[in-house]
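Here's the letter readout for the chains.
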Amino acid sequence: MSVEVDKAEKKDNVLVATLDKVKQAVELAELSPEVYEHLKTPMRFLEVAIPVEMEDGTTRVYTGYRCQHNNVFGPYKGGLRYHPDVTTDSIKALSMWMTLKCSLVGVPFGGAKGAIVCDVQELTVKEKERMTRSYVRVLGSFIGPETDIPAPDVFTDAQVMAWIADEYSSNMREPSFGVVTGKPLAVGGCVGRNEATGRGVFFVAREAANAFDIPFDKARIAIQGFGNVGSNAAVLFAEAGCPVIAVSDVSGGIYNKDGLEIEKLIEHVKKTGFVKGFPGAQDIDNQELLAIDCDILIPAALENQLTGSNAGNVKAKIVVEGANGPTTPEADQILKDKKVLVVPDILANSGGVTVSYFEWVQNNYGFRWDLATVNRRLEEKMSEAFKMVYHYYCEKCVDSDMRTGAYMYSIKRLAEAMHYRGWLNDKNGQY
Ligand code: NAD
């Protein structure tokens, strides 16, 4: 299936926006057009039928995907999503972002993404387990610790990863838990993996505040999305003394100009399911959250949240993209014109894949790191990645934004690896 899509028909299509950005970055970095030719199409796209025996004895056949975008650096790596609205284009874009992310932070993996088109709320736990095991069986040797390594994503978790590790190990007739990351600690998981993406967002936001001369411990933070990424980042901001003045989730948002008590908010969400109604805070909606007067805004929910129609209202000086693809190209342009620094997703939320890499290394060596080691190594990786990319952006992208700089930086590394592996028909060693 071609990744060239009809732009007229597909406004806000994340794949279209990503391909445009990749092409622009290849041209600005003066790389061979062959680099774009390699990146525009996934190396392999699998569409599979997944038969599942339901509780009533019938068999239902679900559609699944695994998109293996590029493996120039190492095994394919990327999450597995269970969602009814998954499209082939969104899976392709997500796999491409994984390639760019791994290259950017120097993790020796390629990019991949997988999905099953389903509504998990309608499944019993046993049906979900059978569906997961069936997916592993149909993928066969297309996944593996040296081939392609899935991880949790929307509506999949450590338990799903443990089923995958078990099914794969049975099929291989040997324990082979390195086939997935994000596992429970009892079966080869890594301490700190659950909080890693939010922690990485925190480190990157701190670096960005330093670069912008904003006193970090006074920086007012607003976070859209209070799930894994948003809530873990919020805890760290609060611990560092930054007032987290507004957060939101699917139910709406809350605001307190003096800062919300995050530990109590987490208790409230555990009890009620949502942030709304938190005592001592004012209810706001999601559009008000994005427009709140703050220093650092963190979209950590979904794609396409900052758009041409609301980006003009943003008052933050820095946007750190905890979510994948939260800012549309129109919004990018508006924020650039307003001199808002947007720290792009492929850098800002790469803490998750970084600790996934740590987990894979530990599985390969049969050795366990402690939490302090994991967090210290994550901090080093994220801070170094921010500084390298920010420096490169300041030097090379005077007329552009940090996303363009990050794409150029990442794709230059990919091009170099493609060159040495002999994938490019380069003249005189130029690529
Ligand atoms: P999650 O399901 O744990 O949390 C998502 C949060 O967003 C929830 O609080 C939900 O209520 C909220 N939300 C949903 N719709 C919303 C809306 N319309 N407005 C405001 N809030 C809304 O998911 P997560 O793991 O935290 O992932 C969030 C984003 O971060 C996704 O884009 C994901 O791809 C990206 N990401 C996650 C990880 C990770 O390790 N979890 C890694 C990299 C990127």
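Right above here is the structure, for reference.
A few points on the structure.

**With respect to the pairing of strand S5 (residues 148-152)**
Part 1: In terms of burial, S5 is largely enclosed, as four of its five residues are buried.
Part 2: Sheet analysis places strand S3 (residues 76-82) next to S5, joined by five bridges and oriented parallel. Residue Gly-79 lies in a different strand from S5, and its bridge partner there is Ala-151.

**Concerning the site of the ligand**
Part 1: In the vicinity of the ligand there are 19 residues, among which Thr-197, Asn-228, Val-229, Val-250 and Asn-324 approach most closely.
Part 2: Taking Thr-197, its side chain carries an N or O atom lying 2.6 Å from an oxygen atom of the ligand.
Part 3: Measuring from a nitrogen atom of the ligand, one finds a side-chain N or O atom of Asn-286 at 3.1 Å.
Part 4: Residues that form the shell around the ligand fall into these classes: seven nonpolar, nine polar and three charged.

**Quick notes on the side chain of Ser-400**
Part 1: Within the fold, Ser-400 resides in the loop between helix H13 (371-396) and helix H14 (402-421).
Part 2: The class for Ser-400 is buried, based on a relative accessible area of 15%.
Part 3: Of the polar contacts made by the side chain of Ser-400, one reaches the side chain of Thr-404; its length is 2.9 Å.
Part 4: Discounting chain neighbours no more than four positions away, the residues touching Ser-400 are Gln-24, Lys-336 and Tyr-393.

**Examining the pairing of strand S7 (residues 244-249)**
Part 1: The buried fraction of S7 is high, at six of six residues.
Part 2: The pairing of strand S6 (residues 221-224) with S7 spans four bridges and is parallel. Within the sheet, the bridge partner assigned to Gln-224 lies in S7 and is Ser-248.
Part 3: Remark: the S6/helix H7 (residues 228-239)/S7 crossover connection has right-handed handedness.
Part 4: The sheet contact formed by S7 and strand S8 (residues 252-255) spans four bridges and is antiparallel. From the neighbouring strand, Val-247 faces S8, where its bridge partner is Ile-254.
Part 5: Count of turn residues in the S7/S8 antiparallel hairpin: two residues.

Rules and cut-offs
- Residues numbered from 1 in each chain as written.
- Predicted model: local features only at pLDDT ≥ 70, side-chain atom pairs only at ≥ 80, totals over all residues.
- Heavy atoms only, no water.
- Buried < 20%, exposed > 50% of the residue type's maximum accessible area, 1.4 Å probe, protein only.
- Helix = DSSP H or I, 4+ residues; strand = E, 2+ residues; numbered from the N terminus.
- Pairing = 2+ DSSP bridges.
- Near = heavy atom within 4 Å.
- Polar contact = N/O pair within 3.5 Å; in protein donor to acceptor, adjacent residues only side chain to side chain.
- Nonpolar A, V, L, I, M, F, W, Y, C, P; charged D, E, K, R; others polar.
- Contact = heavy atoms within 4.5 Å.
- Right-handed = clockwise from strand over helix to strand, strands pointing away.

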